[in-house]
Amino acid sequence: GSIPTGIRLTDGSLRMYYSPLQGGVKSAVSRDDGKTWAEEEGYRLVAAADPSVTILPDGRVGLFYVDLSTGKKGQKLMVAPSDDGLVFTPDESGTLIETDQKGVWILDPDIHPSGDGMWILLYSVMGSAGEAGITVPTVMQSVIDPDCLASRI
């Protein structure tokens, strides 16, 4: 499994997103500030791993994740929006970072506000040495304009 990520819902409860060992992204809800959790039925995303979640500027839930649909582990980092935090609609407009270099994996996205209205997206790169001379494994960062991102997805 992967490190869980979560958000506080408007009713005060917590929703945690996580990747179980068999893959995909599932969720659980706590109504007692994390003391107990109830797993929610089904998957939020099937061909995905390593979730990180935030509330988009327009109020939707944005789920950042590693796309596994190509069959090449960690080749694409994406974000998918959801109106309710349960049903996400991934498509190509949510592609943030992609590598076509064989053997290089993009893993473990983590989204944080930077304090100046922008977001910092941290992620790991593992595998072969990068063409740009990047030593791997390494942690990379990208700056994201949340308003631009929300209008794109």
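Just so you know, these numbers come straight off a predicted model, no measurement behind them. (Residues numbered from 1 in each chain as written. Predicted model: local features only at pLDDT ≥ 70, side-chain atom pairs only at ≥ 80, totals over all residues. Heavy atoms only, no water.)

Looking at the overall build of the chain
The secondary structure content of the chain amounts to one helix and eleven strands. The helix and strand sequence of the chain, counted from the amino end, reads β-β-β-β-β-β-β-β-β-β-β-α. Taking all 153 residues of the chain together, the buried fraction comes to 46%. Of the contacts made within the chain by residues no fewer than 6 positions apart, 37% connect residues no fewer than 24 positions apart. Counting only carbon and sulfur atoms, one obtains 54% of the accessible surface of the chain, whose full area is about 8,200 Å². (Helix = DSSP H or I, 4+ residues; strand = E, 2+ residues; numbered from the N terminus. Buried < 20%, exposed > 50% of the residue type's maximum accessible area, 1.4 Å probe, protein only. Contact = heavy atoms within 4.5 Å. Areas by Shrake-Rupley, 256 points an atom, 1.4 Å probe, with all protein chains shown as cover.)

Some thoughts on the pattern of salt bridges
Two side chains with opposite charge may pair up if their charged atoms get near one another. With the rule as written, the count across this model stands at seven salt bridges. A salt bridge links R15 to E40, with the shortest nitrogen-to-oxygen separation between them at 2.9 Å. Taken together, the residues span a long stretch of sequence, with R15 in strand β2 (residues 14-18) and E40 in the loop between β4 (38-39) and β5 (48-55) at a distance of 25 residues. Under the relative-accessibility criterion, E40 is labelled buried at 15%. For the salt bridge of E39 with K26, the shortest nitrogen-to-oxygen distance reads 3.0 Å. Within this pair, whereas E39 is found in strand β4, its partner K26 is found in strand β3 (residues 26-30), the two being separated by 13 residues in sequence. Look at the salt bridges and you will find they share partners, linking K76, E92 and E98 into a network. (Salt bridge = Lys/Arg side-chain N within 4 Å of Asp/Glu carboxyl O.)

Some points on the packing of aromatic side chains
This model, assessed by the stated rule, comprises two aromatic pairs. The interplanar angle of 80° and the centroid separation of 6.0 Å between the aromatic rings of Y17 and F88 together place this pair among those described as edge-to-face. Residue Y17 is located in strand β2, and its partner F88 is located in the loop between β7 (76-82) and β8 (95-98); the two are separated by 71 residues in the primary sequence. Exposure class is identical for Y17 and F88. Each is buried. Judged by centre distance (6.4 Å) and plane angle (75°), the rings of F64 and W119 are edge-to-face. Highlighted residues: F64 in strand β6 (residues 61-67) and W119 in strand β10 (residues 119-127), separated in sequence by 55 residues. One exposure class covers both F64 and W119, and it is buried. Here K26 stacks its cationic end above the ring of Y43, 4.6 Å away from the centre of that ring. (Phe/Tyr/Trp six-rings, centres within 6.5 Å; stacked < 30°, edge-to-face > 60°. Lys NZ or Arg CZ within 6 Å of the ring centre and 35° of its normal.)

Examining the nonpolar core
Core analysis: the largest hydrophobic core is formed by 17 residues, its most contacted members being F64, L77, W119, L121, Y123, I144 and L149. When residues of this core are assigned to their parent elements, the largest contribution, four residues, is made by β10. With sequence-adjacent residues up to four places away left out, L77 is seen in contact with Y65, V66, G94, T95, L96, I97, I106, P109, L121 and Y123. (Core = buried A, V, L, I, M, F, W, Y, C linked by side-chain atoms within 4.5 Å.)

Examining unusual backbone geometry
Glycine aside, residues mostly have negative phi, and peptide bonds are mostly found in the trans state. Phi at D50 is positive, roughly 55°, even though this residue is not glycine. Mapped onto the elements, D50 comes out in strand β5. Judged by its relative accessible area of 13%, D50 falls in the buried class. Positive phi, normally seen in glycine, also occurs at D108, with a value near 55°. Of note, D108 is situated in strand β9 (residues 104-113).

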